[in-house]
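# Structural features, examined
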Amino acid sequence: MSLHDPASLRTARLWRPRRVVVTAAARDHAHGRAILARAEALGLPVEALPGNRLTGLRHPDPRRAYIEAKSTLAVVVAPPAKLKLQPIPPSADWRVDLAEGCPAHCQYCYLAGSLAGPPVTRVYANLPEILSNLASYVGRGGVTSASAERAQEGTSFEASCYTDPLGIEHLSGSLSAAIRHFGAWDAPVSLRATTKFAAVEPLLGLDHGRRTRLRFSVNPVAAGRFEGGTAPLRERLSALGAVARAGYPVGLTVAPILPLPDWRAAYDDLFVQAAEALAGAPDLDITAELITHRFTPGSKTVLEGWYPGSDLPMREDERSRKFTKFGSVKYVFPPELMREMRGELTRSLAERLPMARVLYWT
Ligand code: SF4
């Protein structure tokens, strides 16, 4: 199948949670009821909870708790704290959460250690409130306004910090609603989302106004074994090409960069394939974000509980310790390897995708 073949979009696998629970408050919102209707139309079992607490998700066996949480979709109202936005450099000025949690099973998951309790996917029913709240943040923030490269994006909002919005879009509809909201917004603003999924067909015809940058999180094929439940690389690249041809600004989030066997050729091949997928995209606007693998003591403990037996390299003695601005420790690759990978990947990217603007390496 060619990377331009629309059939590869239609065959994208869609998540079917084993359990869908909806709180009483979420049923008071039209967006919550629309999610319910989509779940029922797909024949999924839906439970209307009598109150607003999610119950029955704890399990004495952590592995069992993980499996049950990962197969549950909860439709809830976002707590008030979600309406107080946090800055999120270097990705965007502000973080906006349309949902929290993700149905995939990446052995390096960025959410490990950030989520409280079992990793249930929670989608927010009060979406209009979440979107209208963003207006008070326009003109504030420092990532896009501080960089000449990104000044034309206006105030930017990142929707993928705590979820993969495309992975649940067939149930939530939240990403489409947010894209339409930004497309119609008469202000210098932009939305950003990144995904390891590929079911972009519902997004292709939206009035996005080139205000949403859809980035695809990619790594060489060999890293796919660490990314259970996500779309295969080929489908992600095909989706990248489709949204670029639909006029969206796009991006590659190359993450987590790993020194896989034969990594130089593997990353070079990745960029060759991405260039092939993007052929024919008019007015192509593409960025690249390059993010190396790192872990913290806390995320490693959570991941070892979620994925016992994983062979993802996470040995502290093979890493350098770095302190975050909050004083906590993270483990990154040693400086020499970092320099080598940075040099190789940026050189290869410049050769294969010269139109891509590299936003950062971290
Ligand atoms: Fe975690 Fe992202 Fe993988 Fe989902 S797609 S499991 S959020 S790393």
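Rules used throughout
Residues numbered from 1 in each chain as written. Predicted model: local features only at pLDDT ≥ 70, side-chain atom pairs only at ≥ 80, totals over all residues. Heavy atoms only, no water. Pairing = 2+ DSSP bridges. Helix = DSSP H or I, 4+ residues; strand = E, 2+ residues; numbered from the N terminus. Salt bridge = Lys/Arg side-chain N within 4 Å of Asp/Glu carboxyl O. Buried < 20%, exposed > 50% of the residue type's maximum accessible area, 1.4 Å probe, protein only. Core = buried A, V, L, I, M, F, W, Y, C linked by side-chain atoms within 4.5 Å. Contact = heavy atoms within 4.5 Å. Axes fitted to C-alpha atoms, helices over the stretch in contact; angles between N-to-C directions. Parallel < 35°, antiparallel > 145°, perpendicular 65-115°, else oblique. Left-handed = near helix turned anticlockwise from the far one by under 90°. Polar contact = N/O pair within 3.5 Å; in protein donor to acceptor, adjacent residues only side chain to side chain. Near = heavy atom within 4 Å. Nonpolar A, V, L, I, M, F, W, Y, C, P; charged D, E, K, R; others polar.

### Details of the sheet that holds strand β2 (residues 46-48)
Pairing is mixed in the open sheet, where 5 strands are placed in the order β2-β1-β3-β8-β6. Each edge of the open sheet carries a strand with a single partner, namely β2 and β6 (99-100). Sheet analysis places strand β3 (residues 72-76) next to strand β8 (residues 121-124), joined by 4 bridges and oriented parallel. Residue pairing for β8: Ala74 is matched across the bridge by Arg122.

### Description of the pattern of salt bridges
Tallying each qualifying case throughout the model produces 25 salt bridges. In this structure, Arg95 and Asp97 form a salt bridge, with 2.7 Å as the shortest nitrogen-oxygen distance. Ionic pairing is found between Glu351 and Arg352, a salt bridge with its closest N-O pair at 3.9 Å. Here Glu351 falls in the partly exposed class, since its relative accessible area comes to 49%. A single network of salt bridges, built from pairs that share partners, joins Arg150, Glu153, Arg213, Asp285 and Arg357.

### Things to note about the pairing of strand β5 (residues 92-95)
Here is the key point about a regular strand: its side chains alternate between the two faces of the sheet. In this sheet, β5 lies alongside strand β4 (residues 87-88) in antiparallel orientation, the contact comprising 2 bridges. If you follow Ile88 over to β5, its bridge partner there is Ala92. Following β4, the chain reverses through 3 residues before pairing antiparallel with β5. Bridge count between β5 and strand β9 (residues 155-158): 2 bridges; the pairing is parallel. The residue bridging Arg95 from the neighbouring strand is Glu158, located in β9.

### Observations concerning the nonpolar core
The tendency in soluble globular proteins is for nonpolar side chains to be buried side by side. Judged by nonpolar contacts, the single largest core of 95 residues is most densely connected at Phe157, Leu252, Val254 and Tyr267. It is helix α9 (residues 233-245) that contributes the most residues to this core, 7 residues altogether. If we skip the residues at most four places from it in the chain, Phe157 touches Leu85, Ala92, Trp94, Val96, Leu134, Tyr137, Phe182, Trp185, Val189, Ser190, Leu191 and Arg192. Core analysis: the next-biggest nonpolar cluster, separate from the first, contains 15 residues, Ala26, Leu36, Leu73 and Val75 among them.

### Looking at the packing of helix α10 (residues 263-277) against helix α12 (residues 335-352)
Running from amino to carboxyl end, α10 crosses α12 at an angle of 25°, the nearest separation of the two axes being 9 Å. By the criterion of interaxial angle, the relationship of α10 to α12 is roughly parallel. Crossing of α10 over α12 shows right-handed handedness. Residue-level inspection shows Trp263, Arg264, Tyr267, Asp268, Phe271, Val272 and Ala275 of α10 in contact with α12, the latter providing Glu340, Met341, Glu344, Leu345, Ser348, Leu349 and Arg352.

### Some words on the environment of Ser160
Following the sequence through the fold, Ser160 ends up in the loop between β9 and α7 (169-172). When the C-alpha positions of Ser160 and Pro202 are compared, they lie 18 Å apart, and in sequence the two are 42 residues distant. In this structure the side chain of Ser160 is engaged in a polar contact, spanning 2.6 Å, whose partner is the backbone nitrogen of Thr194.

### Examining the side chain of His293
Tracing the backbone through its elements, the reader meets His293 in the loop between β14 (286-292) and α11 (297-306). Within the structure, His293 has its side chain in polar contact with the side chain of Arg319 (distance 2.9 Å). Leave out the neighbours within four places in its chain, and His293 touches Tyr108, Pro256, Ile257, Leu258, Leu312, Pro313, Met314, Arg319, Tyr331, Val332 and Phe333.

### Describing the site of the ligand
Around the ligand sit Cys102, Ala104, Cys106, Tyr108, Cys109, Tyr110, Leu111, Asp164 and Lys196, and that is every residue in its neighbourhood. For the shell around the ligand, the residue count by class is 7 nonpolar, no polar and 2 charged.

### Some details on the sheet that holds strand β17 (residues 357-361)
Spatially, β4-β5-β9-β10-β11-β13-β14-β17 is the arrangement adopted by the 8 strands of the open sheet, whose pairing is mixed. Strands at the two margins of the open sheet, each flanked by one partner only, are β4 and β17. With 5 bridges joining them, strand β10 (residues 189-195) and strand β11 (residues 212-218) adopt parallel strand pairing. Residue pairing across strands places Thr195 opposite Phe216, the latter belonging to β11. Sheet strands touched by α10: β11 and β13 (250-257). Its angle to β13, the strand with the most contacts, is close to 160°.

### Section: the packing of α9 against α10
Between α9 and α10, the shortest axis-to-axis distance is 8 Å and the interhelical angle comes to 40°. Relative to α10, α9 is oriented oblique. Along this stretch, α9 crosses α10, giving a crossing that reads as right-handed. Residue-level contacts link Leu233, Arg234, Leu237, Gly241 and Arg245 of α9 to Leu270, Gln273, Ala274 and Ala277 of α10. Considered class by class, the residues forming the contact of α9 with α10 number 5 nonpolar, 2 polar and 2 charged.

Honestly, that's just the spatial picture; any functional story needs more than this.
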